[in-house]
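Listed below are the residues making up each chain.
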Amino acid sequence: MNAKAKLFSYNSANTPIHRLSGLTKLICFLLLTFAIMFSYDLRVILAVTLFALAVLRAAQIQFSQIRLMVLYVLVFVLTNAVISFFFAPEQGVLIYGTRHNIFPIYGGYQLTWEQAFYQTTKFFKYLSVVPFGIIFLLTTNPSEFASALNGVGVNYKAAFAVALTLRYFPDVQRDYRDISLAQQARGLELSNKAKFFDRFKNSLLIVIPLIFSSLDRIEVISNAMDLRGFAKGKTRTWYAAKKLTGLDYAAILISILIFLAAISVSVWINHSRFYNPFL
Amino acid sequence: MNKEPIIEFQNFSFQYYSQAEPTLRDINLKIYRGEKILIVGPSGSGKSTLGHCLNGLIPFAYKGEIEGSLKINGLETKEQNIFNLSKIVGTVLQDADGQFVGLTAGEDIAFALENDNIPQSEMRARVQKTAQMVDMQNWLGSSPFELSGGQKQRVSLAGVMIDDVDILLFDEPLANLDPATGKTAIEIIDEIHNQSQKTVIIIEHRLEDVLHCDVDRVIVFHDGRIIADMNPHDLVSSATLTENGIREPLYITALKYAGIPVTSAMQPGYISTLQTELSREALNVWYRAMPAEEKKSAAPRILSIEHLNFSYDGVRRILNDINIEIQQGEMVAIVGKNGAGKSTLSKLLCGFEKPDSGAMRYQSEDLRDKSIKERAELIGLVMQNPNQMISKPMIYDEVALGLRLRNLPEEQIAERVEKILKICGLAPFKAWPISALSYGQKKRVTIASILVLDPKILILDEPTAGQDFRHYTEIMEFLVELHKIGLTILMITHDMHLMLEYAPRAIVLAGGEKIADAPASSVLTDESVIHKANLKETSLFHLASMAGIENATNFVQGFIDYERRVKRR
C-alpha cells in the first residue's frame, strides 16, 4: 500500500499515545478542545499548543503524513482572518476597550493593536485544535474506539457504524482519486479556470460514480455482516476491546488539570474570557 | 455415504419481487452430508440465487416469493432466520476485500463470535485455533492492506469456520484471484474438506480451475433450472457444457480439435486422471500437421517506454527500469500478480502519476509534456468497474460527455457519438437509461465513452473480470473488432484464457520489473516466469507432455493458431 493512501487514517505504532484507549482519547480531545475554545488568553492557548505539539511528537506522527491537512486548515484560518477583519475591523477595540492605531488601510478601515492582538489570538486558537484532531484520528484504532463507545452506553450498531466509516475513509479517498483522474482524462476541468457553477456541476461527475461504487461496497459488506450474525443480539463483545490502564487515567487526569487551569486563568486572573494586555 | 440429505430442495421456485420471471424454477436437489459439490452455470442462470437461498440472504435480505420447500438439516429454511442459518451454512463471498469486516485478520475471524457475545479471552483462544487451521496464526495483527489475495481468502474461510458450521458455501471463490492464488484456494478448500468432512458447495463458472481437485458431483444450471447433475468425467465428455455457454477445459477442446472422441472411460474430468494412451498418436499427428504461422512484418512503433522508474514513497520501487516498445495495431496483455505494478504503469501512461525518471513516447512525441486531458486523446483508459466511470443517467449523454467537456459543437458531437455507438453495437440503445443495461453492456458504454475521444491506444484494466464465458467472449470479440479497425490495445489481466486466446504478445511484470515479453504460448509454458508472476501453467502444457510432445510451447501456439482459424471460419 502506498503512503499516500494511508493519509488521514489510523496508523498502528507502539507509542504511549497509541496504547491509550479510544475512549480516553475522546475524553481528552473534548476536554482540551473545550479548554481552548473557552479561553481567549493567548498565553494559555500557546501553552496548550506547545503541549499538543509535544504529544504529536510522542505519537511519532511525521509532518509528511499531515502536511495536506495542515495546509487546508491554514488556508481556512487565514481566509477566516481576512474576512472577519473586513466585516468587523473594530472587534478588538470593542472587546479590549482601548484604541491604539497602527496605520490606516483604506477608507474607514484602521488597523489597531487591539484588532491585531484579537485576531492573532483567534488564529492560534483555531490552529491549536488541529494537532488534537490529528492525533485522535491517526492513533485511534477504529474498532477499539467503537468498543469504547459501546462501553459507555452508545448503541453498538451506531458505534460499529462509526468504526466502519473511519475504516472506509481511505478506500473512499482512493476511489475518489481514481475516479477524479479518469474523469479529468475525459476532459473534466477542476482548476479555477472553470466558472463556479461549472465547477459545481463538474464535481457531480465525480460524486455520482463515487456514490455508485460505494453502494456496491456497502451491499457486499452488509451481506457479509448479516451472514455472520451481526445485529442478532442486544449486545455484543469486542475482540479489540481494551481495558483502561493507569496510563489512561493519567492522561485523563492531565487533561482535566489543563482544562481546569485554562478555566481558572479566565476566572481568577483575567476575570473574563479575554486576556487584556492593553489595560 | 450417508443416506440422510443435509440439503433438500423439493419443487423449489423463487422469484425476486423486482423481477417479472422466476429466477429459480422447480428445483429438485439432494445434497448429502460430506459431499463436495460444484455448481456451474452462466451469469443469470440462477446459481448465485441458489447460494443466497442456502445461506438465508433469500428471503431475509433479498425479498421474493418462494414456492416449494428447502430443508437444511431437516428444517424448513423459510421458518428459520438468517442468524440460525449462519450457524449451519458458512458463506465465503467472492470479494475477499469487500467482505473483510474487521480491521485486522484476527478481528475479522472473531466477528461471528463477537456477535454471539463470547467473552474476549475465549474469543482470542478460538481465533488462534481456527487461524491455525488455515495457517494464518502469524498474521492475526495484519490489516487487509498487508495481506495478499490468497491470505484474505484464508481469513474469510477461518471467519466462517470458527462457528463450526456443517456446510461451507463458496460463492465464486476464484473471481478476484490471480491464477496461482486461485489454484491454492482450490487446494485449501480440498484440504479443509478432507480434514473436516464438512459438506462443501462451490459456485463458480470457471470449471477447469475448480476441477484442479476432486469434486463428487457437478450441477449445471441454465435459465433457473438444473439441467445436469453428474460426475466430472461424464460431464466433460457430454455436450452439456458447450451447449450451455460454459467453457470446457482447454485440454478437452484440444482433444476434440485433434479429432479424438472424448468418452468418460478416458476419465477426462481432471487433467490428472486423463488417460491418454489411446489418444497419444492422434495428438502427435495433429501436432505435426500444424502449419507454422508466418510472422507479421513489424509495424511502426506507436509507444515506447524507456528506463521508467516510479515509487510512491521514494523508498519502495513500484516500477524499476521498465523498457517496452509497442507497435501500431498490436494487442498486448500485461500480466503479473497484484502489486506487480501493472495498474501503476497504466496510470503513468495516462499521466495520473508522474514517473521518477525515464521517458514515455507516443510515436516521437514526449508524453511528459502533455496534460492528462491531452494524453487522453492519444491513450484511453477503461477502468475495471464500469460504475467507477458512469456519471450520466442516459447512454447518449455518457458517451458524449468527453466531447461536451471539450466544448465541441453539438452537431459534431452527435455525429461522433452516433458513429461510436454503432461501432460498439449500442446504436439500438441510444435513448436508453444506463440503469437498464447489463454489466457487459455497461462495460461497452464505458469503452464507447473513451473511444469517442478517438484515442490511438486503448488500455483496459481487467476487461473481463467476473464475466462468464458468454460475456467474456462478447467483450473480447468486440475488442478484436476494434483491433481490426486499427486500434492498439493493451489489456491488464489475470485471465490466462484471455492471454492465450487474444494476446499474441504478453508482457509479464513481477516485483516492478519486466520479467518476460513474449508470446503467451511461451510465457505460459515457462516455469520460472509462471512461478514469479503467480501464473499457472496451462493444461495444454500437461497434455503435450502426456502425449510425449517435447516442444510444449509450439504445441500451445499451434493450438491457439488452430483455434483462431476455426473461429474465423
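Computed from a predicted structure; not experimentally measured.

Comments concerning the overall build of chain B
- Along its length, chain B carries 23 helices and 20 strands.
- For the C-alpha atoms alone, the extent of chain B along its principal axes is close to 70 × 60 × 50 Å.
- Across the 569 residues of chain B, 51% fall into the buried class.
- The contacts in chain B between residues at least 6 apart in sequence include a share of 68% that link residues at least 24 apart.

A closer look at the domain arrangement of chain B
Residue and element names in this part refer to chain B.
- As far as domains go, chain B holds domain 1 (5-242), domain 2 (249-289 + 539-569) and domain 3 (301-538).
- Between the C-alpha centres of domain 1 and domain 2 the distance comes to 33 Å.
- Breaking the side of domain 1 that touches domain 2 down by element, the ones donating at least two residues are helix H8 (207-210) and helix H9 (232-236).
- With 5 residues, H9 is the largest single contributor of residues to the side of domain 1 that touches domain 2.
- When its residues are assigned to classes, the side of domain 1 that touches domain 2 shows 5 nonpolar, 3 polar and 2 charged.

Describing helix H16 (residues 410-423) of chain B
Residue and element names in this part refer to chain B.
- Between its first and last C-alpha atoms H16 spans 20 Å; for 14 residues at 1.5 Å apiece the expected length is 20 Å, and the two agree.
- Along H16, the positions that sit buried rather than exposed are Ile413, Val417, Ile420 and Leu421. One face of H16 carries all of its buried residues, which in axial projection span an arc of 100°. In H16, the exposed residues that point more than 90 degrees away from the buried face are Glu411 and Gln412.

Some thoughts on the interface of chain A and chain B
- Across the contact, 44 residues belong to chain A and 48 residues belong to chain B.
- In terms of residues, the side of chain A that touches chain B owes the most to one element, helix H9 (residues 196-227) of chain A, which gives 14 residues.
- Among the residues making up the side of chain A that touches chain B, the classes are represented as 22 nonpolar, 11 polar and 11 charged.

With respect to the sheet that holds strand S2 (residues 24-32) of chain B
Residues and elements named next belong to chain B.
- The antiparallel open sheet is built from 4 strands, whose spatial order is S2-S1-S4-S5. Edge positions in the open sheet fall to S2 and strand S5 (75-76), since each of these has one partner strand only.
- Note: strand S1 (residues 5-16) against S2, 6 bridges, orientation antiparallel. Following the sheet pairing, Ile7 is matched in S2 by Ile31.
- Of the strands in this sheet, S1, S2 and strand S4 (64-72) are in contact with helix H1 (residues 47-55), which crosses S1 at around 120°.

Overview of the environment of Arg206 of chain B
- With respect to the element layout, Arg206 of chain B can be found in the loop between strand S8 (199-203) and H8.
- Taking C-alpha positions, Arg206 of chain B is 30 Å from Ala112 of chain B, a pair spaced 94 residues apart along the chain.

Thoughts on the packing of helix H8 (residues 156-185) of chain A against H9 of chain A
All names here are of chain A.
- Relative to each other, H8 and H9 sit at 135°, their axes nearing to 9 Å. With respect to their mutual orientation, H8 and H9 come out oblique. In the crossing of H8 with H9, the sense of the turn from one axis to the other is right-handed. Contact residues: H8 offers Val172, Asp175, Tyr176, Ile179, Ser180 and Gln183, while H9 offers Leu205, Ile206, Pro209, Leu210, Ser213 and Ser214.

Let's talk about the sheet that holds strand S12 (residues 317-327) of chain B
All names here are of chain B.
- A sheet is described by the order of its strands in space; here 4 strands give the open sequence S12-S11-S14-S15, paired in antiparallel fashion. Looking along the sheet, the strands with just one partner apiece sit at the ends: S12 and strand S15 (365-366).
- Of the strand pairs in this sheet, strand S11 (residues 301-311) and strand S14 (residues 357-362) are connected by 5 bridges, and their pairing is antiparallel. Bridging from a neighbouring strand, Leu303 pairs with Tyr362 of S14.
- Contacts from helix H13 (residues 342-350) reach S11, S12 and S14, with the element oriented near 65° to S12.

Re the packing of helix H6 (residues 149-161) of chain B against helix H7 (residues 179-196) of chain B
Residues and elements named next belong to chain B.
- Direction vectors running N to C along H6 and H7 enclose 25°, while the axes themselves pass 9 Å from each other. By the angle class used here, H6 and H7 are roughly parallel. Both H6 and H7 take part in a crossing whose hand is right-handed. Contact residues: H6 offers Gly149, Gly150, Gln153, Arg154 and Leu157, while H7 offers Thr181, Thr184, Ala185 and Ile188.
- Each residue belonging to the contact of H6 with H7 can be placed in one class, and the counts come to 3 nonpolar, 5 polar and 1 charged.

Observations regarding the confidence of the model for chain A
Residue and element names in this part refer to chain A.
- Confidence along chain A averages 86 in pLDDT terms, with 95% of residues attaining 70 or more.
- When mean pLDDT is taken per element in chain A, helix H10 (residues 246-270) scores highest with 93 and strand S1 (residues 101-106) scores lowest with 84.
- Contacts from residues 1-7, a stretch scored under 50 in pLDDT, to residues over four places away or in other chains number 13 contacts.

Brief notes about the domain arrangement of chain A
Residue and element names in this part refer to chain A.
- Each domain of chain A was delimited in the assignment, giving domain 1 (1-10 + 22-141 + 242-279) and domain 2 (142-239).
- Spacing between the C-alpha centres of domain 1 and domain 2 amounts to 29 Å.
- In this assembly, 10 residues from domain 1 lie in contact with 11 residues from domain 2.

What about the environment of Asp369 of chain B?
Residue and element names in this part refer to chain B.
- Mapped onto the secondary structure, Asp369 falls in the loop between S15 and helix H14 (372-376).
- Residue Asp369 is classed as exposed on the basis of its 8 C-beta neighbours within 10 Å.
- In this structure, the C-alpha to C-alpha distance between Asp369 and Gly351, residues 18 residues apart in sequence, is 9.9 Å.

Quick notes on unusual backbone geometry
All names here are of chain B.
- In this structure, Pro59 follows Ile58 across a cis peptide bond, with omega equal to 5°.
- You can see Pro59 is positioned in helix H2 (residues 57-60).
- Notably, Asp164 is not glycine yet its phi reads approximately 55°, a positive angle.
- Phi is positive for Glu462, close to 45°, though the residue is something other than glycine.
- By the element assignment, Glu462 lies in the loop between strand S17 (457-461) and helix H18 (469-484).
- Among the residues examined, Glu462 registers 20 C-beta atoms within 10 Å and is labelled buried.

Things to note about the pairing of S4 of chain B
Residue and element names in this part refer to chain B.
- Note that S1 and S4 share 8 bridges and pair antiparallel. Of the residues in S4, the one forming a bridge with Gln15 is Glu65.
- In terms of strand pairing, S4 meets S5 through 2 bridges, oriented antiparallel. Bridge pairing links Ile72 to Leu75 in S5.
- Linking S4 to S5, which pair antiparallel, is a turn of 2 residues; within it Asn73 sits at a positive phi near 55°.

What counts and what doesn't
Residues numbered from 1 in each chain as written. Chains lettered and ligands numbered in written order. Predicted model: local features only at pLDDT ≥ 70, side-chain atom pairs only at ≥ 80, totals over all residues. Helix = DSSP H or I, 4+ residues; strand = E, 2+ residues; numbered from the N terminus. Buried ≥ 20, exposed ≤ 12 C-beta atoms within 10 Å, placed from the backbone. Contact = placed C-beta atoms within 7 Å. Domains from an automatic or database assignment. Nonpolar A, V, L, I, M, F, W, Y, C, P; charged D, E, K, R; others polar. Expected span 1.5 Å × (residues − 1). Arc of directions from axis to C-beta. Pairing = 2+ DSSP bridges. Axes fitted to C-alpha atoms, helices over the stretch in contact; angles between N-to-C directions. Parallel < 35°, antiparallel > 145°, perpendicular 65-115°, else oblique. Left-handed = near helix turned anticlockwise from the far one by under 90°. pLDDT = per-residue confidence, 0-100.

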